[in-house]
Amino acid sequence: MAPVAMRTAAQSLADAKPVSFWLDDPGRPEALPALIGDEHCDLLVIGAGYSGLWTALLAKEREPERDVVLIEGHETGWAASGRNGGFCAASLTHGLPNGLERWPGEIEKLEEMGARNLDAIEQAVARYGIDCEFERTGEIDVATQPHQLEELREWHQEMERRGFGGVEFLDRDALRAHVDSPTFLGGLWDRRGVAMLHPAKLAWGLKQACLDLGVRIHEHTRGLELARTGTGMAVRTPHGRVFARRVALGTNIFPSLVKRVRPYTVPVYDYALMTEPLTAGQLAAIGWRNRQGLGDSANQFHYFRLSADNRILWGGYDAIYPYGGRLSAGLDQRPETFLKLAGQFFECFPQLAGVRFTHAWGGAIDTCSRFSAFFGTAHQGRVAYAAGYTGLGVGATRFGADVMLDLLAGERTERTALEMVRSKPMPFPPEPLAWAGIELTKRSLARADDNGGRRNLWLRTMDRMGLGFDS
C-alpha cells in the first residue's frame with residue numbers, strides 16, 4: 001500500500017470501536033441467570049448461537065410438551081452468530097460449485113432443500129415477529145479480474161444447462177448500474193438465494209421465541225463434561241448438572257464434548273469493518289439501489305453489504321489460522337488486517353474518500369475440510385452434533401438443527417438419508433502439519449489470485465483429494 005493510501009486508511013480507522021457493530025446495540029437483551037444446582041429435561045441443547053437456538057425452537061415446534069433446556073457459556077449470539085456479515089444463504093453446501101463437486105447425485109435435492117430452508121427462515125422471522133432487518137435482496141458474485149469474469153460466464157452457462165435458474169449474468173455496465181465501482185468487470189446475481197439481515201437481532205429474536213415457547217435458558221453456563229447416566233446423559237456445568245434424555249451439541253468452533261469430533265474442525269479468524277452511515281450524496285455516488293449483498297470472486301475474497309441505516313460492512317480477505325487452533329479473545333482484534341481492509345475498501349469505492357469506520361472486529365469460524373456442515377451421533381444415539389459450517393451458518397444451521405433432531409429421534413428422513421449427512425469430511429492432521437498445510441494453501445491461493453487464477457501443484461493435489469481452505 002502506498003504511503004498516502006496507508007495514511008488515508010489509518011485515518012479512517014482512528015475512531016473505530018473494537019467490537020462487533022451488531023452486538024453494539026442498545027437493544028441487546030440482558031443475560032439470563034446462570035444455572036445453579038441441577039436441572040432435568042427431555043432435551044438439553046448446548047450453545048445459544050444459531051445452531052442451538054434453532055434446535056431448541058424446532059424441538060418445541062415439533063413437540064410443544066417436550067421439556068427443553070438450553071445452556072450457553074457466555075451470552076446468546078455472542079460468538080460467530082453476532083459477528084458475521086449478515087448474509088443468510090439458501091445454499092447448504094457452501095455454494096453450488098462445492099456441492100456439485102462433492103455430491104453430484106444429490107445436488108438437485110440439496111438445492112431444493114436449501115431453498116425451502118431459507119423460505120422457512122423467512123416465515124419464522126414473520127411468525128415470531130423477529131425484527132432482524134430481513135431483506136431478501138440476493139447476492140452478486142463480482143469479477144474484478146478478467147479470468148474471474150470468464151469463470152463466472154462459464155459457470156452461468158453451466159447453471160443454465162443444468163436447469164438451475166434464478167441467476168442473472170451482469171456485464172460490466174449492467175453490474176455498475178446496480179453498484180458502481182471502477183474495479184467491477186461483471187457478476188452473477190442470485191436474485192432469491194440470499195437474504196440480508198441483522199445477525200445479532202436474529203439470535204436475540206430466536207432467544208425470545210424459545211422463551212415464549214417454554215424453553216428454559218441459562219446463560220454464562222458452560223457445558224464442561226458429558227457422561228452417560230441411566231437411560232440418559234448428564235452434563236456438568238460450573239455450578240450444577242443437567243440430566244437429559246437427549247443432548248444436542250451446537251458448540252461449533254468451541255471444543256466439542258464429544259472429543260472424537262474435535263479433529264474435524266479448525267478455527268479461522270475472520271475480520272470486518274463497518275462504516276458510518278452514508279449520506280444521500282455518498283449513496284448516489286455508488287448507486288446500490290437494490291441493496292444486494294456482494295462478494296468478489298478471488299480466492300482471498302471480500303464480502304460487503306449495506307446495513308439498514310446505510311452503512312457498508314466490508315469484511316473477509318484475510319483468514320487467520322492460529323497455530324494449534326488456539327481460541328483467544330485477543331485474536332478478535334488484528335490492526336494489520338483492519339488497515340489492509342480499509343485500504344482495499346477505498347480501492348473499491350474511491351468515491352467514498354473521507355468515510356470513517358465506526359467498528360472493527362473479528363471472530364472465529366468453524367472450518368472443516370469440505371467447507372460445509374457435517375453431522376453425527378454419540379453415546380448410542382443419545383447425543384447429536386452438527387459443526388463445520390465454514391461461514392455459512394446463518395442459514396444452514398436451521399437445516400442442521402432439523403438433522404440433529406431427526407438423528408436424536410432415530411428417524412430416517414429425507415435429510416438423514418443424504419450422503420452429505422451420512423458422510424464425514426477428512427479430519428485435519430495434528431500440529432505442526434495442520435498449520436504448515438493451511439499456510440501453504442493460503443499462500444498458494446494468494447499466488448493464484450495474482451496469476452490469472454492458475455492453481456499450482458499443491459492446490460491441484462488438494463482439489464483431487466477434495467480438500468481445501470477458503471478465505
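Residues numbered from 1 in each chain as written. Predicted model: local features only at pLDDT ≥ 70, side-chain atom pairs only at ≥ 80, totals over all residues. Heavy atoms only, no water.

Caption draft 1: Inspection of the overall build of the protein at higher detail. In terms of regular secondary structure, the protein is built from 13 helices and 18 strands. In terms of overall dimensions, the protein is globule-like: its C-alpha atoms have a radius of gyration of 22 Å, near the 23 Å expected for 471 residues. Projected onto its principal axes, the C-alpha positions of the protein cover 65 × 45 × 45 Å. Here the contacts in the protein between residues at least 6 apart in sequence split such that 76% fall between residues at least 24 apart. Positive and negative side-chain charges in the protein, numbering 53 and 58 respectively, have mean positions lying 5 Å apart. (Helix = DSSP H or I, 4+ residues; strand = E, 2+ residues; numbered from the N terminus. Rg over C-alpha atoms; globule rule 2.2 N^0.38 Å. Contact = heavy atoms within 4.5 Å. Lys, Arg positive; Asp, Glu negative; His and termini not counted. Charge placed at Lys NZ, Arg CZ, Asp CG, Glu CD.)

Caption draft 2: Representation of the pattern of salt bridges. One pass over the structure, following the stated rule, counts 35 salt bridges. R191 is the partner of E168 in a salt bridge, and the nearest nitrogen-oxygen pair spans 2.5 Å. Taken as a pair, E168 in strand β5 (residues 167-171) and R191 in the loop between β6 (186-190) and β7 (194-196) lie far apart in primary sequence, 23 residues in all. Judged by its relative accessible area of 39%, R191 is partly exposed. When the shortest N-O distance is used, the salt bridge between E439 and R443 registers 3.9 Å. With E439 and R443 both in helix α12 (residues 433-450) and four residues apart, this pair spans about one turn of that helix. Overlapping salt bridges bring together R62, R398, D402, D406 and R415 as one network. (Salt bridge = Lys/Arg side-chain N within 4 Å of Asp/Glu carboxyl O. Buried < 20%, exposed > 50% of the residue type's maximum accessible area, 1.4 Å probe, protein only.)

Caption draft 3: Region of interest: the packing of helix α2 (residues 50-62) against helix α10 (residues 393-409). Relative to each other, α2 and α10 sit at 50 degrees, their axes nearing to 8 Å. The pairing of α2 with α10 is recorded here as oblique in orientation. Every pair of crossing elements has a handedness; the one defined by α2 and α10 is right-handed. Together, Y50, S51, W54, T55, L58, A59 and R62 of α2 and G393, V394, T397, R398, A401, D402, M404, L405 and D406 of α10 make up the contact between the two elements. Residue composition of the contact of α2 with α10, by class: eight nonpolar, four polar and four charged. (Axes fitted to C-alpha atoms, helices over the stretch in contact; angles between N-to-C directions. Parallel < 35°, antiparallel > 145°, perpendicular 65-115°, else oblique. Left-handed = near helix turned anticlockwise from the far one by under 90°. Nonpolar A, V, L, I, M, F, W, Y, C, P; charged D, E, K, R; others polar.)

Caption draft 4: Local environment of the packing of aromatic side chains. Applying the stated criterion to the full structure yields 19 aromatic pairs. Taking the centre distance of 5.2 Å and the plane angle of 85 degrees together, the rings of F345 and F346 count as edge-to-face. F345 sits in the buried class, given a relative accessible area of 0%. F346 gets classed as buried once you look at its relative accessible area, which sits at 13%. (Phe/Tyr/Trp six-rings, centres within 6.5 Å; stacked < 30°, edge-to-face > 60°.)

Caption draft 5: Representation of unusual backbone geometry within the structure. E431 connects to P432 through a cis peptide bond whose omega is 5 degrees. Mapping P432 onto the fold places it in the loop between α11 (419-422) and α12. Phi is positive for W288, close to 60 degrees, though the residue is something other than glycine.

Caption draft 6: Representation of the environment of G114 in the model. As for its placement among the helices and strands, G114 is situated in helix α4 (residues 107-127). Measuring from C-alpha to C-alpha, the distance between G114 and P277 comes to 33 Å, with 163 residues separating the pair along the chain.

Caption draft 7: Quick look at the layout of surface pockets. If you add up the space inside the second largest pocket, you get close to 520 Å³. Along the wall of the second largest pocket there are 21 residues; nearest its centre are T144, Q145, H302, Y317 and E347. The set of elements that each furnish at least two residues to the lining of the second largest pocket consists of β14 (302-306), α9 (335-348) and α12. Taken together, the residues of the lining of the second largest pocket break down into eight nonpolar, eight polar and five charged. (1 Å grid on protein atoms, 1.4 Å probe; cavity = no way out; pocket = protein on both sides within 12 Å on 5 of 7 lines; lining within 4 Å. Points joined across faces, edges and corners; volume = space filled by probe spheres on them.)

Caption draft 8: Region of interest: the nonpolar core. Counting 51 residues, the largest nonpolar core has L43, W54, F134, L202, L206 and F375 as its most contacted members. Elements represented by at least two residues in this core include exactly β1 (37-46), α2, β2 (68-71), α4, α7 (199-212), β18 (383-387), α10 and α11. In terms of residue count, α10 provides more of this core than any other element does, eight residues in total. In terms of nonpolar packing, the next biggest core, distinct from the first, is built from 36 residues, F304, L331, F349 and F357 among them. (Core = buried A, V, L, I, M, F, W, Y, C linked by side-chain atoms within 4.5 Å.)

Caption draft 9: Representation of α9. Relative to the 20 Å expected for 14 residues at 1.5 Å per residue, α9 spans 20 Å between its end C-alpha atoms, a close match to the ideal helical length. For α9, every residue scored as buried is listed here: T337, F338, L341, A342, G343, Q344, F345, F346 and C348. (Expected span 1.5 Å × (residues − 1).)

Caption draft 10: How the structure looks around the sheet that holds β14. Strand order in this open sheet of eight strands is β5-β6-β4-β13-β14-β15-β12-β16, and the pairing throughout is mixed. Since the sheet does not close on itself, it has two edges, and those belong to β5 and β16 (357-367), each with one partner. The mean inter-strand angle of the sheet, taken between neighbouring strand axes irrespective of direction, is 20 degrees. Sheet analysis places strand β4 (residues 139-143) next to β6, joined by five bridges and oriented antiparallel. In the sheet register, V142 faces β6, and the bridge partner there is G187. Lying over the sheet, helix α5 (residues 146-162) contacts β4, β5 and β6, oriented at roughly 150 degrees with respect to β5. Contacting β12 (266-275), β14, β15 (312-316) and β16, α9 crosses the sheet at an angle of about 50 degrees to β12. (Pairing = 2+ DSSP bridges.)

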